[in-house]
Each structure stands twice: as structure tokens, then as C-alpha cells.
Amino acid sequence: MSTVRDSMNRRPAYGLDAICAAALADPGAQNPGSEEAAQFTRRLYERVADRDLLAAPAAERAAAAAALLAFARRRLPGVAKVRAFNPTADDHGFESRHTVVQIVNDDMPFLVDSITNELNRRELGVALLAHPVMAVRRDLDGDLIEVANEAGPRARRESLMHIEIDRQTDADGGDPGTLDALAAALTRVLAEVRMAVEDWRPMRQACLDAIADLVPGKSGNLAEYEEFLRCAADIITRSWRDWFSAIKIPDSWSDPAHLEEILAVDLHRAAVADPH
């Protein structure tokens, strides 16, 4: 089987090849010169444009990949790992003019959009975003066994992100409070994504169950309630990316701000089946 080292020997190193060669030779890596580190580095950056990779030295890119691999060595299932830091050679094995965000999480929809939306909301420019999805085997304690080639019963798909953003500094050169707050905010975003992804089927079924529970004669607005619930069930199945363009509100509901009140108060008071 061809290895990263073999490909380095076949042609001059440039771009991603140069970064992988640096990963093989990096004396600061957790496992210096390992094929594992080079393979991980290639998979991390393989979808990143050369012009973006070339914005920093190959050794810096390789060391950043090694730092992410070390960060991913342990992760409990169902828990996202997030950190934001200004890298230093002593602590992280590399330096950068950017602040770095690294994330290890279960793979699921909407991760990149949700993270970039939060960064945009904070008006933080993104200089580089590497986001591979890898098949990862872990033991019961969450310790990394291997990064596999394909997902399977023993290798679950995990999302890994290495993001470089506008450097967050203060007069002393760095603000740990700002970085901690950023990491906490991104952690909350990921928790909300997980909740939505895991809950959309139960939410949709709750709408359909509520339709089945509507009692004729309990309210003059029964048809409107049913239409709203069917609309809600349909919206829940749509991508968040299309939420505001896909939502269709009947003309009779001129003020969408009242929809939550209609569902949470009036519907349950007037239209839900009598428990007796």
C-alpha cells in the first residue's frame, strides 16, 4: 500500500506534499516522523486550496495538524471538544499570526455553517478552514485507537476542524478571557446543533400526533390549527440552510411573531383532546 513517505520520494515536495514531508520530519510532533501524523496531515488539508496552504510555512501547517491530532487523542462520546488559542512554540509546537480554533465532534449536518455563522456574528475573519470528516476508532474511555480509512461498526465518523481567524489580542499580547468566551460560545452552538439534529424527528412526530389529537367542535379555528401543524411538520424536515426561504406562512397569519403563542397557548387550551 502506498504511503505518504512513498509519495514524498516520487516527486519534489510542494504545497500539501511539502506539508506532509514536514509532518514526517517534525521533531516537535507528538510521534516524530510517524506515518500516522503525515496521513492525518494529508487528510486534514487535502480539500484546502494550495493558495491558502501557502499562506503559512509548511512546517507551521504540519505542526498545527499535529496539535489537532494530539487534541483529538481523547474525546468522550456525544461531547464536542473545542478550544481557541494563540499558538506558541512551547505550548502548541507552532506559532501563527492568527488565533486558532480547533474542534473535534461527532459528524452531523450544519456544523460548518453554524460555526462560521457564529464567527461572522462576532465579525471575525476566517483565514483558513480545514474540515475533514474521518472515521475514528476509540476505546470505551474515548481514547483514540486509530484513524481508519472507512467508517464502520467500530469506526464512527467524526468532524475535525482547524480554523484560523483574526488574531484576538489585548495590550499584553493575548486575552485568555476572550478566547475562553469564544470557545464557550462555539461549544453552545454545537450543543444546539446536536439538539436540533437529534430532536427533529421527535419534533415532527409531535406535530403529527397533535394533529391526530385535535377534537372536532372544540374550536372554530380547527382547520387553521391543523394547517399550522402540518406546515410546522414540513418545515422541521427542511434544511436549516433553507429555513427562511422555504417557510410558508398562510396569509391569514399576518404577524409571524404570534405563531409561538398560537401553538403554545391557544392550541393546547382549545383544541387538544379532552383527557376524559
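Cut-offs used in this document
- Residues numbered from 1 in each chain as written.
- Predicted model: local features only at pLDDT ≥ 70, side-chain atom pairs only at ≥ 80, totals over all residues.
- Heavy atoms only, no water.
- Helix = DSSP H or I, 4+ residues; strand = E, 2+ residues; numbered from the N terminus.
- Buried < 20%, exposed > 50% of the residue type's maximum accessible area, 1.4 Å probe, protein only.
- Contact = heavy atoms within 4.5 Å.
- Areas by Shrake-Rupley, 256 points an atom, 1.4 Å probe, with all protein chains shown as cover.
- Disulfide = S-S within 2.5 Å.
- Axes fitted to C-alpha atoms, helices over the stretch in contact; angles between N-to-C directions.
- Left-handed = near helix turned anticlockwise from the far one by under 90°.
- Nonpolar A, V, L, I, M, F, W, Y, C, P; charged D, E, K, R; others polar.
- Phe/Tyr/Trp six-rings, centres within 6.5 Å; stacked < 30°, edge-to-face > 60°.
- Lys NZ or Arg CZ within 6 Å of the ring centre and 35° of its normal.
- Parallel < 35°, antiparallel > 145°, perpendicular 65-115°, else oblique.
- Core = buried A, V, L, I, M, F, W, Y, C linked by side-chain atoms within 4.5 Å.
- Salt bridge = Lys/Arg side-chain N within 4 Å of Asp/Glu carboxyl O.

Caption draft 1: Structural view of the overall build of the protein chain. Check the secondary structure of the protein chain and you find eleven helices and six strands. Considering the protein chain as a whole, with its 276 residues, one finds that 40% of them fall into the buried category. Excluding contacts between residues fewer than 6 apart, the proportion of contacts in the protein chain whose partners are at least 24 apart in sequence is 69%. Counting only carbon and sulfur atoms, one obtains 50% of the accessible surface of the protein chain, whose full area is about 15,500 Å².

Caption draft 2: Fine view of the state of the cysteines. This structure, assessed with the given rule, holds zero disulfides. The thiol of Cys207 is not disulfide-bonded; the next cysteine sulfur, from Cys231, is found 9.6 Å away. Given a relative accessible area of 9%, Cys207 falls into the buried group.

Caption draft 3: A look at the packing of helix H2 (residues 16-25) against helix H5 (residues 58-71). Axis separation between H2 and H5 bottoms out at 8 Å; the angle between their running directions is 65 degrees. The crossing of H2 and H5 is right-handed. For the pair formed by H2 and H5, the contact residues are Ala18, Ile19, Ala22 and Ala23 on the first element and Ala58, Ala59, Arg61 and Ala62 on the second. Considered class by class, the residues forming the contact of H2 with H5 number seven nonpolar, no polar and one charged.

Caption draft 4: Quick peek at the packing of aromatic side chains. Inspection of every chain in the model, using the stated rule, returns one aromatic pair. Taking 6.4 Å as the distance between ring centres and 80 degrees as the angle between the ring planes, the aromatic pair formed by Phe85 and Phe94 counts as edge-to-face. When sorted by exposure, Phe85 lands in the same class as Phe94, which is buried. Above the face of the Phe71 ring, Lys81 is positioned so that its terminal group lies 4.3 Å from the ring centre.

Caption draft 5: Local environment of the packing of helix H3 (residues 35-45) against H5. Taken N-terminus to C-terminus, the directions of H3 and H5 make an angle of 100 degrees; their axes are 9 Å apart at the nearest point. Considering their axes alone, H3 and H5 lie roughly perpendicular with respect to each other. Across the interface between the two elements, Glu36, Ala37, Phe40, Thr41, Leu44 and Tyr45 from H3 touch Arg61, Ala62, Ala64, Ala65, Leu68 and Leu69 from H5. Partitioning the contact of H3 with H5 into residue classes produces nine nonpolar, one polar and two charged.

Caption draft 6: Quick look at the nonpolar core. Core analysis: the largest hydrophobic core is formed by 31 residues, its most contacted members being Phe40, Leu44, Tyr45, Leu53, Leu68, Phe94 and Leu160. Going through the elements one at a time, H2, H3, H5, strand S2 (99-106), strand S3 (126-130) and strand S4 (133-138) are the ones with two or more residues in this core. In contact with Phe40, not counting residues within four places along its chain, are Ala65, Leu68, Leu69, Met134, Val147 and Leu160. Core analysis: the next-biggest nonpolar cluster, separate from the first, contains 19 residues, Val101, Ile103, Ile115 and Val193 among them.

Caption draft 7: Up close: the environment of Leu140. For Leu140, the location among the structural elements is in the loop between S4 and strand S5 (144-148). Taking C-alpha positions, Leu140 is 8.6 Å from Leu76, a pair spaced 64 residues apart along the chain.

Caption draft 8: Quick peek at unusual backbone geometry. Positioned with a positive phi, Phe110 is a non-glycine residue whose angle comes to about 75 degrees. By the element assignment, Phe110 lies in the loop between S2 and helix H7 (111-121). The phi angle at Glu123 is positive, at roughly 60 degrees, despite the residue not being glycine. Looking at the element boundaries, Glu123 is found in the loop between H7 and S3.

Caption draft 9: Up close: the pattern of salt bridges. Here the structure, examined in full by the defined rule, presents 14 salt bridges. Between Asp106 and Arg75 there is a salt bridge, with the nearest N and O atoms lying 2.6 Å from each other. Of the two residues, Asp106 is situated in strand S2 and Arg75 in the loop between H5 and strand S1 (81-85); the sequence distance between them amounts to 31 residues. The burial state of Asp106 is the same as that of Arg75; both residues are buried. Here Glu118 ties to Arg121 by a salt bridge, and the two come within 2.8 Å at their closest N and O atoms. In this pair, Glu118 and Arg121 are both assigned in helix H7, three residues apart and thus about one turn of the helix distant. If you follow the salt bridges from partner to partner, you end up with Arg75, Asp106, Arg138, Glu158, Arg194 and Glu198 in one network.

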